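Here is what each chain is made of, one letter per residue.
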2 protein chains.
Amino acid sequence: MSFFAKSNDSGIVLTSRIRFARNIDGMPFPQALSDSASRKVIDDVYSALLKSSINEVKNLKLFNLKDMDKLNMMAMAERHVISRDLIENFQRAAVILDDDEKISIMLNEEDHIRLQVMYKGLMLKEAFEDANRIDDAIEENITYAFDAKFGYLTSCPTNVGTGMRASVMLHLPALTYTKNINNILNTVSQVGMTIRGLYGEGSNALGNIYQVSNQVTLGLSEEEIINSLIAVTKKIVDQEEKARELMAQKRSIALEDDVYRSLGLLKFARTLDTNECLNLISKVRLGVEMGIIKEVDIKKLNELITLIQPATLQLVDKRELESKDRDVVRAKIVRESLK
Amino acid sequence: MSFFAKSNDSGIVLTSRIRFARNIDGMPFPQALSDSASRKVIDDVYSALLKSSINEVKNLKLFNLKDMDKLNMMAMAERHVISRDLIENFQRAAVILDDDEKISIMLNEEDHIRLQVMYKGLMLKEAFEDANRIDDAIEENITYAFDAKFGYLTSCPTNVGTGMRASVMLHLPALTYTKNINNILNTVSQVGMTIRGLYGEGSNALGNIYQVSNQVTLGLSEEEIINSLIAVTKKIVDQEEKARELMAQKRSIALEDDVYRSLGLLKFARTLDTNECLNLISKVRLGVEMGIIKEVDIKKLNELITLIQPATLQLVDKRELESKDRDVVRAKIVRESLK
């Protein structure tokens, strides 16, 4: 269920994602598509996968968003499996998934095809290879809109060129607490990368979780983009580790107190809003990673980041809830998970 | 060890205390006594008890403060067994105690004799009867300074008359949180009583613990004073219970959250100062008494109120500590107690 549950690694780099934006040649972009043409996009892409010579894509399943309930859709967005934009266009949109949601192919989002591969840990190359194979599988039976000069043509010019967005999700509590995160922001933008919060553009860095992704899609090869993101990520990880070491040296009792108090609140609070909850999880996660807290499984914490999201927790609780009631259910889910 | 450990009752009224101030006829008050005369006061009172016809006072033990270490003295003050004033005069002062510290006879404090009986719960009459018997035992062999008009003569005129101070220690979190404590303060002073913090005059109501005692010692009989204090106490208890009911009705989740978060912090914090610690204990105690928290033994909480005091915790830890280190030891003592 959780988007963190795909490998054994769980450090500063939570996940790696590769996303390709593709459009079908000779078809208007989704926002200009008729209902029937939207339907045709979905059918053509799905049958292209089923007809493909590559076996691994034949087990993918198609979900039309109009057949799903809203909570389920929102929960998928919380797991980063689909985007909120796809939900906006739910009457004409679909998504093709594998069982563990590592592969997600959104249809009729901003582009006809948004192909995503997500891994836990720093696995950009692996994700890129997977995405490439699936991309090839689709292309066996579909002609992409492609220009020799501009590369893949996309609905929004920021995606033109490779059509690729490579991103990593990073947990940077020490850089945040020591206020060094601003230096990171500068460094990142200087190398053509952008840094954002847990849920993309405009979202705050809830729980000290940041997304770093390539800004530029044109004029660089996929390999160059990925290598550059890997290099930046390793630099940030290095900085975060140094900040943690400094914190541990400078104020070890205060730090120990802080992370354990956070654990105490998570284990005992009866009402928790998303923001507070993510910040507490962040501190406990820091404590576990620094070897201060030994009794908590970091996998549980990673799962909780998704489980406590509004839609996901309503699914867990099997009912729609007002915000106040969600805070109560959230506290209960956290308590039970950390028992 | 703990001054709360003497009966099974443990509610809003933590303890009841009766204290008699007495002076020996024909002797200057302690502040004007020579070393040898101070010694004589101690010897005379102790031997009066040993010679007495009343058996229960023959097991009392004498401790000269000059033979005790400072931490031990401070810890006794934290248990309310002796006063801080007695410690000030430690070179000439002594205390006579029974094994469980229910009876405490301070010698050469402000008066030659300060006889105290302390009970858990609302037990003023019982404490008064005990104090009376011990007072009679002393008087078999000692002549008190007594005036037909002014009653027992005391060093400070506020104690003249009965020489009696009757007091109760109350835990009033709900009245404090709902800000109704100010009404109580007024009511109490209107009936000749005074209300103070955990450690007497000038001390704040740390941990929402208040001491109510009679202001007036002259012109009223002991019985009248005690009956009046019992009546006031019952009224305050009634008000506290009503305030708790209202809190439970008005904001039950917020209350539950508050008391459980306090428990979480007590169980997990790595550093706790006295003030925060007492306030957290107060909230958890409220939660237990209101039936919200079921997994904590209220006796442990009552014990903690004393155990976390600076001198007592240094005794537990068997070493002298700086304030910062005390906070760490305090958190450890609390964690282990609540395990």
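Residues numbered from 1 in each chain as written. Chains lettered and ligands numbered in written order. Predicted model: local features only at pLDDT ≥ 70, side-chain atom pairs only at ≥ 80, totals over all residues. Heavy atoms only, no water.

A. Here's a closer look at the interface of chain B and chain A. With 17 residues of chain B at the interface, the matching set in chain A holds 17 residues. Here chain B packs against chain A, burying approximately 1,600 Å² in sum over the two surfaces, 68% of which is carbon and sulfur. The largest contributions to the chain B side of the interface with chain A come from Arg-261, Phe-268 and Arg-270 of chain B, which together make up 43% of the buried area. On the surface where chain B and chain A come into contact, there are four salt bridges. For the salt bridge of Glu-256 of chain A with Arg-270 of chain B, the shortest nitrogen-to-oxygen distance reads 3.7 Å. Between the two partners, chain B and chain A, sit eight residue pairs in polar contact (both at pLDDT 80 or more). Among the elements that take part in the side of chain B that touches chain A, helix α8 (residues 252-268) of chain B stands out by supplying ten residues, more than any other. Partitioned by chemical class, the residues of the side of chain B that touches chain A number eight nonpolar, two polar and seven charged. (Contact = heavy atoms within 4.5 Å. Buried area = accessible area lost by both parts, 1.4 Å probe. Salt bridge = Lys/Arg side-chain N within 4 Å of Asp/Glu carboxyl O. Polar contact = N/O pair within 3.5 Å; in protein donor to acceptor, adjacent residues only side chain to side chain. Helix = DSSP H or I, 4+ residues; strand = E, 2+ residues; numbered from the N terminus. Nonpolar A, V, L, I, M, F, W, Y, C, P; charged D, E, K, R; others polar.)

B. Just the relation of the copies chain B and chain A, in detail. With an RMSD of 0.0 Å, the fit of chain B onto chain A corresponds to turning through 180° and sliding 0.0 Å along the axis. On this basis, the relationship between the two copies can be described by a two-fold rotation axis. Closest approach to the rotation axis within chain B is made by the C-alpha atom of Gly-264 of chain B, at a distance of 2.1 Å. Take the interface residues of chain B: 100% of them recur as interface residues in chain A, which is what a same-surface contact looks like. (Least-squares fit on C-alpha atoms with pLDDT ≥ 70 in both.)

C. Local environment of the pattern of salt bridges. All names here are of chain A. Considering all chains together, one arrives at 44 salt bridges over all chains under this definition. The closest approach of N and O atoms between Asp-130 and Lys-102, which form a salt bridge, is 3.0 Å. Taken as a pair, Asp-130 in helix α4 (residues 124-139) and Lys-102 in the loop between β3 (94-97) and β4 (103-107) lie far apart in primary sequence, 28 residues in all. No difference in accessibility class separates Asp-130 from Lys-102, as the two residues are buried. (Buried < 20%, exposed > 50% of the residue type's maximum accessible area, 1.4 Å probe, protein only.)

D. A look at helix α2 (residues 70-78) of chain A. All names here are of chain A. When α2 is considered as a whole, its buried residues turn out to be Leu-71, Met-73, Ala-75, Met-76, Ala-77 and Glu-78. Each element contacted by the buried residues of α2 is listed here: α3 (84-88), β3, α10 (298-307) and α11 (310-316). The N-cap residue of α2 is Asp-69: its side-chain oxygen and the backbone nitrogen of Leu-71 are 3.1 Å apart. One or two positions beyond α2, positive phi appears at His-80, with a value near 65°.

E. Representation of the packing of aromatic side chains. Per the stated rule, a full pass over the model turns up nine aromatic pairs over all chains. For the pair Tyr-260 of chain A and Phe-268 of chain B, a centre-to-centre distance of 6.4 Å together with 25° between the ring planes defines the contact as stacked. Taken together, the residues span two chains, with Tyr-260 of chain A in helix α8 (residues 252-268) and Phe-268 of chain B in helix α8. Each member of the pair, Tyr-260 of chain A together with Phe-268 of chain B, is buried. One aromatic cluster is present, formed by Tyr-260 and Phe-268 of chain A together with Tyr-260 and Phe-268 of chain B through successive ring pairs. Over the ring of Tyr-152 of chain B we find Arg-22 of chain B; its NZ or CZ atom is 3.5 Å from the centre of that ring. (Phe/Tyr/Trp six-rings, centres within 6.5 Å; stacked < 30°, edge-to-face > 60°. Lys NZ or Arg CZ within 6 Å of the ring centre and 35° of its normal.)

F. Looking closely at helix α12 (residues 323-337) of chain A. In this model α12 of chain A runs 21 Å from its N-terminal to its C-terminal C-alpha over 15 residues, within 8% of the 21 Å that 1.5 Å per residue would give. Of all the residues in α12 of chain A, the buried ones are Arg-326, Asp-327, Val-329, Arg-330, Ala-331, Ile-333, Val-334, Arg-335 and Ser-337 of chain A. (Expected span 1.5 Å × (residues − 1).)

G. Expanded view of the environment of Gln-314 of chain A. Residue and element names in this part refer to chain A. Tracing the chain through its elements places Gln-314 in helix α11. We classify Gln-314 as buried; its relative accessible area is 6%. Taking the C-alpha atoms as reference points, Gln-314 and Ile-281, separated by 33 residues in sequence, lie 19 Å from one another.

H. Region of interest: the domain arrangement of chain A. Residue and element names in this part refer to chain A. The domain boundaries assigned to chain A delineate domain 1 (13-241) and domain 2 (253-337). Computed over C-alpha atoms, the centres of domain 1 and domain 2 are 28 Å apart. With 18 residues of domain 1 in contact, the opposing surface of domain 2 contributes 18 residues. Interface of domain 1 and domain 2: buried area, both sides summed, is about 1,500 Å²; carbon and sulfur atoms make up 66% of it. Our count for the contact surface shared by domain 1 and domain 2 stands at zero salt bridges. (Domains from an automatic or database assignment.)

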